[in-house]
Amino acid sequence: MAVTCRQAQPNDFPALGQMLELYQYELSDIWQQDLGADGRYGYDLARHREGTRFYAHVAFEADHYAGFALVAPAAITRTDGSWMEQFFILKRYRRAGAGRALAFHVLNSHPGPWEVGEMPDNATARAFWRKVIAEATAGTFTEMHVTEGSWQGTVQRFHLGGLA
Ligand SMILES: CC(C)(COP(=O)(O)OP(=O)(O)OC[C@H]1O[C@@H](n2cnc3c(N)ncnc32)[C@H](O)[C@@H]1OP(=O)(O)O)[C@@H](O)C(=O)NCCC(=O)NCCS
């Protein structure tokens, strides 16, 4: 599969909004949200559009959107570095390396400290991120379990690009 990845451009944001709807529906059994009056979950992408420590990336298979990633300032154990806020590959393109390709593109785009987290019931995401992060860091990541606060789950912590 020929996957290409790049930082999102302004004309990607309508597609990002639509892919977020698919993502939110897919995760709706573990991330409980209600539809708004317009029949959409809705997701505030404005800060990612501005790009000040909030970033959006998109993946393509040939010329079709295959997924996206949203990056925010690290939020769980630190405030510097990056947090993988949302990450999604469309079902059609899974288990063929698209997620790995997007993950490496995103991680390489933002060197420094990282935190990646998975909600407790998202075993697929946990298997995926453990595999990808182990490869990206040659196994030099730590893992913790967050059990209090507004976000709870498993968090991998690591540095990329040689920063302390
Ligand atoms: C998690 C997700 C991004 C994986 O995308 P993908 O393109 O299928 O991942 P890849 O093909 O690059 O997989 C890389 C490795 O991750 C692991 N992995 C991926 N999907 C897996 C699954 N369903 N079960 C177990 N391991 C899995 C495997 O080790 C895989 O390597 P392999 O195929 O050689 O065995 C995708 O399933 C997805 O978008 N899920 C719904 C949204 C979501 O949960 N996002 C993550 C939020 S933290």
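Residues numbered from 1 in each chain as written. Predicted model: local features only at pLDDT ≥ 70, side-chain atom pairs only at ≥ 80, totals over all residues. Heavy atoms only, no water.

**Considering the sheet that holds strand S3 (residues 64-73)**
Reasoning step 1: Taken in spatial order, the seven strands of this open sheet run S1-S2-S3-S4-S5-S7-S6, and their pairing is mixed. Edge positions in the sheet fall to strand S1 (3-7) and strand S6 (142-146), since each of these pairs with one other strand and no more. Taken pair by pair, the neighbouring strands of this sheet meet at an average axis angle of 25°, ignoring direction.
Reasoning step 2: Relative to strand S7 (residues 153-160), S6 runs antiparallel, the two sharing five bridges. In the sheet register, His145 faces S7, and the bridge partner there is Thr154.
Reasoning step 3: Lying over the sheet, helix H1 (residues 13-26) contacts strand S2 (55-61), S3 and strand S4 (82-89), oriented at roughly 85° with respect to S3.
Reasoning step 4: The strands touched by helix H3 (residues 98-109) are S1, S2, S3, S4, strand S5 (112-118) and S7; relative to S4, the strand with the most contacts, the crossing angle is about 155°. (Pairing = 2+ DSSP bridges. Helix = DSSP H or I, 4+ residues; strand = E, 2+ residues; numbered from the N terminus. Axes fitted to C-alpha atoms, helices over the stretch in contact; angles between N-to-C directions. Contact = heavy atoms within 4.5 Å.)

**Observations concerning unusual backbone geometry**
Reasoning step 1: One non-glycine residue, Arg95, lies in the positive phi region at around 60°.
Reasoning step 2: Topologically, Arg95 is positioned in the loop between S4 and H3.
Reasoning step 3: If you check the backbone angles, Ala138 has positive phi at about 50° while not being a glycine.
Reasoning step 4: Its location among the elements puts Ala138 in the loop between helix H4 (123-137) and S6.

**Description of H1**
Reasoning step 1: Here H1 is 14 residues long and its end C-alpha atoms lie 20 Å apart, about the 20 Å a rise of 1.5 Å per residue gives.
Reasoning step 2: Turning to H1, the residues buried within the fold contact helix H2 (46-50), S2, S3 and S4. (Expected span 1.5 Å × (residues − 1).)

**With respect to the pattern of salt bridges**
Reasoning step 1: Scanning the entire structure with this criterion turns up seven salt bridges.
Reasoning step 2: A salt bridge links Arg94 to Glu26, with the nearest nitrogen and oxygen atoms 2.7 Å apart. A residue pair is termed long-range when its members are at least 10 positions apart, and Arg94 in the loop between S4 and H3 and Glu26 in helix H1 qualify at 68 residues.
Reasoning step 3: Given the relative accessible area of 28%, Glu26 is considered partly exposed.
Reasoning step 4: As a salt-bridge pair, Glu85 and Arg47 come within 2.6 Å of each other at their nearest N and O atoms. (Salt bridge = Lys/Arg side-chain N within 4 Å of Asp/Glu carboxyl O. Buried < 20%, exposed > 50% of the residue type's maximum accessible area, 1.4 Å probe, protein only.)

**Notes on the environment of Phe88**
Reasoning step 1: Mapped onto the secondary structure, Phe88 falls in strand S4.
Reasoning step 2: It is 10 Å that separates the C-alpha atoms of Phe88 and Leu16, two residues lying 72 residues apart in sequence.
Reasoning step 3: Once residues lying within four places of it in the same chain are set aside, the contact partners of Phe88 are Met19, Leu22, Tyr23, Glu26, Ala66, Gly67, Phe68, Arg94 and Leu102.

**Here's the deal with the packing of aromatic side chains**
Reasoning step 1: What the rule picks out here adds up to ten aromatic pairs.
Reasoning step 2: Ring centres 4.9 Å apart and planes at 70° place the aromatic pair Phe128 and Trp129 in the edge-to-face group.
Reasoning step 3: Phe128 sits in the partly exposed class, given a relative accessible area of 24%.
Reasoning step 4: The rings of Tyr23, Trp31, Phe68 and Phe88 are connected pair by pair, giving a single aromatic cluster. (Phe/Tyr/Trp six-rings, centres within 6.5 Å; stacked < 30°, edge-to-face > 60°.)

**So, the packing of H3 against H4**
Reasoning step 1: Between H3 and H4, whose axes approach to 11 Å, the crossing angle comes to 50°. Comparing the axis directions of H3 and H4 gives the class oblique. Classified by chirality, the crossing of H4 by H3 is right-handed. Here Gly99, Arg100, Ala103, Phe104 and Leu107 of H3 lie close against H4, whose contacting residues are Phe128, Trp129, Val132, Glu135 and Ala136. (Parallel < 35°, antiparallel > 145°, perpendicular 65-115°, else oblique. Left-handed = near helix turned anticlockwise from the far one by under 90°.)

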